Amino acid sequence: MTIRVQQEDFDLGAELLVLREGNPRIGAIASFLGLVRDINEGDAVAGMSLEHYPGMTEKALERIVEQAKTRWNIFDALVIHRVGDLKPTDQIVLVAVTGEHRGEAFAACEFIMDYLKTEAPFWKREQTPSGARWVDARESDEQAVERWR
Amino acid sequence: MTIRVQQEDFDLGAELLVLREGNPRIGAIASFLGLVRDINEGDAVAGMSLEHYPGMTEKALERIVEQAKTRWNIFDALVIHRVGDLKPTDQIVLVAVTGEHRGEAFAACEFIMDYLKTEAPFWKREQTPSGARWVDARESDEQAVERWR
Amino acid sequence: MLTLMYFARLREALGVSTEQLDLPPEVQDVSGLLLLLRSRGGAWEAELAEKRAFRVAVNQDMADSATVIRDGDEIAIFPPVTGG
Amino acid sequence: MLTLMYFARLREALGVSTEQLDLPPEVQDVSGLLLLLRSRGGAWEAELAEKRAFRVAVNQDMADSATVIRDGDEIAIFPPVTGG
């Protein structure tokens, strides 16, 4: 398991190569890349700043990945989440899961994203033409995570 | 929509950059990478050769992606499938879908893979210690595609 | 004239990858064509038997036994697909 | 001694990011701590009202109102998360 919370950008292709290195049993890699959009809730977004709770963030992400590993037959998982100042089209988060077959890799990857969205202590503050605002939690994210319970 | 059937390998990171280029509305990219495993049905696999039906393959993949676009609110999708001789750990297939939010991108990506597995005319022949054999279709792939009907 | 194509395990079992065939008057659909091919006996009868799993495409679209066949069609017969 | 931490919108609204507090004898769990903080009035009373959406973590694990608080604990209060 690899969990990283960092300001720096990451190279998705290179990260997947490291994740699958040395394991010729891997037949499937499901991955998710989250990007900063230039619009949110109908307003233009010039940039955003991501705050987090150091220590708890990593612990929460580790627990989510552990749960995914208990639930599905997967080999490994990677989570990289950026913090600090980001602008539209910047990469925010990468979740990747390796497995023998695609069904379990897909499910585990989506599970990790759904829990990350509702349980990992990150907060977005975005800059819009009418000033900076904290992003509100989305009801649809709560619904997404309910599916797994 | 981009559909490519090719012998050459591909660079996943570079492909995703092209797919998302110039669209700052994209918030989510779900992707799937399929790799050659060194074991199948309990037997060691030294390599495999992928045959396809030129013309129909591209047409079948285009129709699958069209269906995904009708069904979910996604921006674009990319499918690259290799043919010819491959060895364990080689990349076989990449499916990537861009969308505003993750739920639709994940669903469309998995939908495209499930249909590709049961409707796109590719056939694998693998080399094992007891000789070469055509890979049998998997019952689980039929079950996976049934979910979407 | 019909173009018939065979792929993968079926291509090997039948020993043919492509053939041209004048459209016989009794062949109106896929089931008629299969009857004709089975009448060749041997591997044709065995591989294309009702109980065997194979697929037929007409002009590069998946077909079933009732799909109509017309002069000039490209018809492919192949095992269940195994890509991805 | 308790360490209290506040994040994001709550940190701004309360004007504090971290504070140290001697564990008051009447505080046994999260609900007791919240009562104490609300008694500060003003933004504390408004932001930590029952009907407001906020989360509490004790020693970096998500907690609920019955979670026990002990001397030395690290307690964080923050809005619903919005990462990813």
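This text follows the structure it describes.
Each chain carries its own residue numbering, running from 1 in the direction its sequence is written. The lettering of chains begins at A and the numbering of ligands begins at 1, in the order of writing. In keeping with the predicted nature of the model, local features appear solely for residues at pLDDT of at least 70, side-chain atom pairs appear and are counted solely at 80 or more, and the whole-chain, interface and lining totals rest on all residues. The basis for every side-chain value is the complete set of heavy atoms in the structure, and neither hydrogens nor water enter the calculation.

Caption draft 1: Molecular detail of the overall build of chain A. Numbering of helices and strands starts at the N terminus; helices are DSSP runs of H or I of at least 4 residues and strands are runs of E of at least 2. The number of helices and strands found in chain A is four helices and 10 strands. Tracing chain A from N to C terminus, the helices and strands come up as β-α-β-β-β-β-α-β-β-β-α-β-β-α. Radius of gyration: over C-alpha atoms. The globule rule applied is 2.2 Å multiplied by the number of residues raised to the 0.38 power. What you see for chain A is a C-alpha radius of gyration of 16 Å, in line with the 15 Å of a compact globule of 149 residues. Its C-alpha atoms give chain A principal-axis dimensions of about 50 × 35 × 30 Å. Using a 1.4 Å probe on the protein chains alone, a residue whose accessible area is under 20% of its type maximum counts as buried, one over 50% counts as exposed, and one in between counts as partly exposed. Across the 149 residues that make up chain A, the buried fraction comes to 59%. Working rule for contacts: check all heavy atoms of both residues, and any pair within 4.5 Å makes them a contact. Sequence-distant contacts in chain A: of pairs separated by 6 or more residues, those separated by 24 or more amount to 77%. Entry remark: accessible area of chain A is about 6,100 Å², with carbon and sulfur atoms responsible for 45%. Charged residues are defined here as Lys and Arg on the positive side and Asp and Glu on the negative side; His and the ends of the chain fall outside this count. The atoms used to mark charge sites are NZ of Lys, CZ of Arg, CG of Asp and CD of Glu. Across chain A, 18 positive and 26 negative side-chain charges occur, with their mean positions spaced 2 Å apart. Each accessible area is a Shrake-Rupley result for a 1.4 Å probe, and residues are judged covered by the shown protein chains and nothing else.

Caption draft 2: The interface of chain C and chain B, seen in detail. Across the boundary between the two partners, chain C contributes 21 residues, which contact 28 residues of chain B. Defined here as a combined quantity, buried area equals the accessible surface (1.4 Å probe) lost by two parts on assembly, summed across both. Approximately 1,900 Å² of surface area, both sides summed, lies buried where chain C meets chain B, with 56% of it carried by carbon and sulfur atoms. Here Asp61(C) makes a salt bridge to Arg63(B), at a shortest N to O gap of 2.5 Å. Whenever two N or O atoms come within 3.5 Å, that pair is a polar contact, provided that in protein one can donate a hydrogen and the other can accept it, and provided that, for residues adjacent in sequence, both atoms are side-chain atoms. At the junction of chain C and chain B, the tally comes to 15 residue pairs in polar contact (both at pLDDT 80 or more). If you list the elements that add at least two residues to the side of chain C that touches chain B, you get helix H1 (8-14), strand E3 (55-58), strand E4 (61-63) and strand E5 (74-78) of chain C. Charged residues are taken to be Asp, Glu, Lys and Arg, nonpolar residues to be Ala, Val, Leu, Ile, Met, Phe, Trp, Tyr, Cys and Pro, and polar residues to be all remaining types, Gly included. Classifying every residue of the side of chain C that touches chain B gives 10 nonpolar, five polar and six charged. Take a side-chain nitrogen of Lys or Arg and a carboxyl oxygen of Asp or Glu: if they are within 4 Å of each other, that pair is a salt bridge.

Caption draft 3: The arrangement of the relation of the copies chain B and chain A in detail. The atoms used to superpose the copies are C-alpha atoms, taken from residues with pLDDT of at least 70 in both, and the fit is least squares. Mapping chain B onto chain A leaves a residual RMSD of 0.0 Å; the transformation is a rotation of 180 degrees accompanied by 0.0 Å of translation along its axis. The operation mapping one copy onto its partner corresponds to a two-fold rotation axis. Identified as the residue of chain B closest to the rotation axis by C-alpha distance is Gly13(B), at 2.1 Å. An overlap of 100% is found between the interface residues of chain B and their copies at the interface of chain A, pointing to a shared contact surface.

Caption draft 4: Just unusual backbone geometry, in detail. In this model, Gln60(C) sits at a positive phi of 70 degrees, which is unusual for a non-glycine residue. Positive phi values are uncommon outside glycine, yet Ala8(D) reaches one of about 55 degrees. Relative to the elements of secondary structure, Ala8(D) occurs in helix H1 (residues 8-14).

Caption draft 5: Region of interest: the pattern of salt bridges. Applying the stated rule across the entire model yields 44 salt bridges over all chains. With its nearest N and O atoms 3.3 Å apart, the salt bridge here joins Arg149(B) to Glu119(B). Linking Arg149(B) in the segment after helix H4 (139-146) with Glu119(B) in helix H3 (residues 102-119), this pair joins segments that are 30 residues apart in sequence. A relative accessible area of 55% means that Arg149(B) is categorised as exposed. A network of salt bridges, in which partner residues are shared, links Arg102(A), Glu110(B), Asp114(B), Arg138(B), Asp141(B) and Arg147(B).

Caption draft 6: Structural context of the arrangement of the chains. Counting contacts across all three pairs of chains that touch, the top-ranked interface belongs to chains A and B. If you take every C-alpha in chain A and every C-alpha in chain C, the smallest gap between them is 10 Å, and the two do not touch. The two partners chain B and chain D share no contact, and the minimum distance between any of their C-alpha atoms is 10 Å.

Caption draft 7: Structural view of the packing of helix H3 (residues 102-119) of chain A against helix H4 (residues 139-146) of chain A. Residue and element names in this part refer to chain A. Across the interface, H3 lies against H4 with an axial gap of 9 Å and an inter-helix angle of 130 degrees. When the axis of H3 is compared with that of H4, the two are oblique. Considering only the axes of H3 and H4, their crossing is left-handed. In contact with Asp114, Tyr115, Lys117 and Thr118 of H3, H4 contributes Asp141, Glu142, Ala144 and Val145. Taken together, the residues of the contact of H3 with H4 break down into three nonpolar, one polar and four charged. Axis angles are defined between N-to-C directions and span 0 to 180 degrees, where every axis is a line fitted to C-alpha atoms and, for a helix, only to the segment in contact. Geometric relationships in this document are graded by angle, where less than 35 degrees denotes roughly parallel, more than 145 denotes roughly antiparallel, 65 to 115 denotes roughly perpendicular, and other angles denote oblique. Handedness of a crossing follows from how the near helix is turned relative to the far one, being left-handed for an anticlockwise turn of less than a right angle and right-handed for a clockwise one.

Caption draft 8: Quick peek at the sheet that holds strand E10 (residues 131-134) of chain B. Residues and elements named next belong to chain B. Pairing is antiparallel in the open sheet, where four strands are placed in the order E7-E5-E9-E10. Of all strands in the sheet, those bounded by a partner on one side alone are strand E7 (84-86) and E10. Within this sheet the neighbouring strands show an average axis-to-axis angle of 25 degrees, counted without direction. Think of it this way: DSSP has to see at least two bridges between two strands before they count as a pair.

Caption draft 9: Representation of the nonpolar core in the model. Judged by nonpolar contacts, the single largest core of 70 residues is most densely connected at Ile112(A) and Ile112(B). Setting aside residues no more than four positions away along its own chain, Ile112(A) makes contact with Ile64(A), Val65(A), Ala68(A), Ala77(A), Val79(A), Val95(A) and Val97(A). Formed by 24 residues, the second largest nonpolar core is a distinct cluster that contains Ala96(A), Leu19(B), Ile29(B) and Ala96(B). The criterion is simple. A nonpolar core is a set of buried Ala, Val, Leu, Ile, Met, Phe, Trp, Tyr and Cys residues joined through side-chain atoms within 4.5 Å.

Caption draft 10: Summary view of the interface of chain B and chain A. The interface of chain B with chain A comprises 35 residues on the first partner and 35 residues on the second. Summing the contributions of chain B and of chain A, the shared interface buries around 3,100 Å²; its carbon and sulfur component is 55%. The largest contributions to the chain B side of the interface with chain A come from Arg37(B), Arg102(B) and Phe106(B), which together make up 24% of the buried area. Two residues, Asp114(B) and Arg102(A), come together in a salt bridge whose shortest N-O distance is 2.8 Å. Across the chain B-chain A interface, the total number found is 17 residue pairs in polar contact (both at pLDDT 80 or more). Going through the elements one at a time, helix H1 (12-20), strand E2 (28-35), H3 and H4 of chain B are the ones with two or more residues in the side of chain B that touches chain A. Partitioned by chemical class, the residues of the side of chain B that touches chain A number 16 nonpolar, eight polar and 11 charged.

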